[in-house]
Structure formats: C-alpha cells, structure tokens
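Each chain is listed here by its residues.
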Amino acid sequence: MTQHSDDSIPELTMASGPTTIYPQVLAAMSKPMMHHHDPHFTALMHGVTTKLAQVFKTAGTVLPIAGESIVGLEMAAYNLVQPGDVCINIVTGVYGAGYSRVLKAYGAQVVEVRTAYNSSATMDMVLDAMDSNPQAKIIAMVHSETPSASENPIKEICMEAHRRGMLSIVDSVSGIGGSNVETDAWGIDICVTGSQKCLSCSAGMALVSVSDKAWDAIMACPRYDSSYLSFKPWRRKWLEHSVLPYTAPISLVYGLDAALDIILDAGVNETIARHETAAQGMRAAVLASGLELWIDDESHAAHSVTAIRIPQGVEDAELRATLRESYGLCVSGGLGPMDGQLVRIGHMGATATRQRTITAFGALACALADLGHPIDATAGLDALRRVWSER
Ligand SMILES: *Cc1c(COP(=O)(O)O)cnc(C)c1O
C-alpha cells in the first residue's frame, strides 16, 4: 500500500472508480511532456490502441478519446442515432436509465427493458422487446452497472442483436479488464470503457471500440462532422493518416500504456479471473459476517464492485466518514434510488487483490464495530481468505 505523507489523500481508495492505481502507472504519468504530433508520441499512441484492442478482444479499431467515459457514451449516440430511430435500452440501474435520456436527446424513440436495480436483464425480456419492436435499429446496454454492482448478460444479447442486424452499444466502463468482453466474437458494435476503472489508470479517457458495421452507420449519419463528438475526424485523420485530430492527454496516455502493460504481462484472462476472485471473496465475506448483499442473486453480481446493504441503525455518511478518517479507506455510497442504503467497495485493477480486499473488509468490520454494530469479522475474513487460497 502506498504511504502518503499528505493526510488529505486516503491511504487506500476502493471506491467504484477511480481507485488506487499501481506505482508504475503513477511514475509513468510523471514523465516529461511530448508534443502530440511528435513521431514518438504517434508510435506510443499506436502501441496503446493495439494493446487496448487485445484487452477488448477485437481486430477492429479502439479510439482513445480525451474526456471521461460519459463522452464516449454520448459519442456513440451522436454518431449512430438519427431522429425517429427505435432504440431498445436495457435499464437495470442508474447508468442504463441515464442512457435513455441521452438516446432521446438525439431523437431516438426509446423502448426500455427494465428490472429492479438489484437485478439483471434476462434473455427472455430482451427477446420479447426485440420481437415486439422488429424495426429497432439499436440496442444499448450497460455491461457492469456499477451503482447496482450487477452485470447484464451482454454476450447473449449482443450475439442476438448481431444476428438480427441491429447495432449494439455497450457501456462496459467498469467491465473491460475486469469482466470478460469479446468484442468481435460477440458482435459488439460500439463498446466504451474508461481509463480509471478496471484498467487501473487515472480518470480522463474514454476508450471506444468501433466495428466495421458501426463505421458504415457512422459514415452514413448526417450529423455535423466537425463536432468533437463525431467519430469522423478520428477516421479521416487518425485511422487514415496517423494524425491525432485533437490534443491527447499526454500524461494519461503514458499512464495508460503502463497500465495496459501490467494487464497484458499478467494476461487479460488472468486479470479477469483475479477480479472474479476478488468479487467472489468480497461476497463470501459479506455473507459469512452476517451482512447482506444488495444483489438479488449472486449470478447477477459484478466483477469490479460489491454493494453491501448498510445495516439498520448505521448512518451512511457516518460509516463512510469513519472508514475514511479512522482507517484511511475511501469507498462509495449508494447512487440515485440506492442513496443512503449501500456501501460499495470497488475491486478494480490494482485493488482487486487478496491484500486489498482483506484490508477493505477488515476496515469495514472495524468501522461498523466503532459505530456500535459489530459483525462477525472473523467469519468474514476467513471466508475471504479461503476464496483467495482456493484459486
Ligand atoms: C463510471 C461509470 C461511468 C461514467 O464514467 P466517467 O468516466 O465518470 O464518465 C459510466 N458507466 C458506468 C457503468 C460506470 O461505472
């Protein structure tokens, strides 16, 4: 764990992203500046996008966009949705609900597939929506719904969408790098992730894969193509001439390159498996200690974050303040309708480890005891320890 001399920075951040990142990534971000048209920077960016393609499991393009992940998600709508298009949108949480508003802003007629926010969509629900709306052009979904700590079955959904000739948009901001995504094999047309979640870098970049079929739709879309949100300048300048259309966030690109090396050195699938163990371990600890998970069924649970119901009598803000002030741990609370009900522990990238999940669970048990709500910490830690030992 990094020791900070600055008390204003938590000892360990295991929020729902950004989280604590690797020292090598921090060091890479402190390297001297290069100009974004320097040939060495162009080569570095080609290297980064090639490495990203390996993580996304695609032979297609991955665009490195400066801006938070939300920018990449908005770009997908900007470039694909034309007024009157019917779009099916899967809403199993806060980000899914937000995306309905984005799609509508670009003129889509949105058909929602909804579940309670502690569950995931089923293929039956999706097939129903597809069958009842055969004119639907696009289907959008959140892979890992971070505020609910849940995952949707994107493999089945995207393969079916592909079979029907629909375009798919996947928000895998907290999925890619921590949960399996096979962009090409599953026929995903646009997949968006962020630099700060399972890739374990700083916040500030959206990484967006674009399929050939999506490129055809993008090039046919009549929207203003000099907008920062348009993918066309990326195609005309970066893909065709290796010229970046905008100033890249240089330091972040250094960091992302180092972060991708860590993932690829360990192996993409091994990194995903480590996230799966962290998630399984956290859930086992929660249940063994007498706490409750938010998710309705463990088969719906996310790889990169675990949501725990705050026990009756414990106040959300007080719990997080105790974790932060007494134990140096920053975690997330509940968002939207879950506000005040949940504590969410992120286990992404550098924090999806045995050491850090044990530290975080131990801190949670201590903070709850401080607030007069002791849990069975020994049983929880033992369950967590066992899951890691059995790997
Ligand atoms: C974090 C997150 C976002 C937003 O990412 P930003 O980089 O903050 O814009 C969107 N969707 C999901 C599922 C997320 O977890």
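Please refer to the structure higher up on the page.
Quick summary incoming for the structure in this document. Since we're looking at a predicted model, the values are computed, not measured.

## What about the packing of helix H2 (residues 39-56) against helix H9 (residues 250-266)?
Next, step 1: Between H2 and H9, the shortest axis-to-axis distance is 10 Å and the interhelical angle comes to 40 degrees. What the angle tells us is that H2 and H9 run oblique. Relative to H9, H2 is oriented so that their crossing is left-handed. Together, Phe41, Leu44, Met45, Val48, Lys51, Leu52, Gln54 and Val55 of H2 and Ile250, Val253, Tyr254, Leu256, Asp257, Leu260, Asp261, Ile263 and Leu264 of H9 make up the contact between the two elements.
Next, step 2: Here the residues of the contact of H2 with H9 sort into 13 nonpolar, one polar and three charged.

## Re unusual backbone geometry
Next, step 1: Between Gly17 and the following residue, Pro18, the backbone shows a cis peptide bond with an omega angle of -5 degrees.
Next, step 2: Along the chain, Pro18 falls in the loop between strand S1 (12-13) and helix H1 (23-29).
Next, step 3: With phi around 55 degrees, Lys57 is a residue other than glycine that occupies positive phi space.
Next, step 4: Positionally, Lys57 belongs in the loop between H2 and strand S2 (61-66).
Next, step 5: Owing to a relative accessible area of 24%, Lys57 belongs among the partly exposed residues under this scheme.
Next, step 6: In this structure, Ser242 is a non-glycine residue whose phi angle is positive, near 55 degrees.
Next, step 7: Turning to its location among the elements, Ser242 is positioned in the loop between helix H8 (232-241) and H9.

Criteria and thresholds
Residues numbered from 1 in each chain as written. Predicted model: local features only at pLDDT ≥ 70, side-chain atom pairs only at ≥ 80, totals over all residues. Heavy atoms only, no water. Axes fitted to C-alpha atoms, helices over the stretch in contact; angles between N-to-C directions. Helix = DSSP H or I, 4+ residues; strand = E, 2+ residues; numbered from the N terminus. Parallel < 35°, antiparallel > 145°, perpendicular 65-115°, else oblique. Left-handed = near helix turned anticlockwise from the far one by under 90°. Contact = heavy atoms within 4.5 Å. Nonpolar A, V, L, I, M, F, W, Y, C, P; charged D, E, K, R; others polar. Buried < 20%, exposed > 50% of the residue type's maximum accessible area, 1.4 Å probe, protein only.

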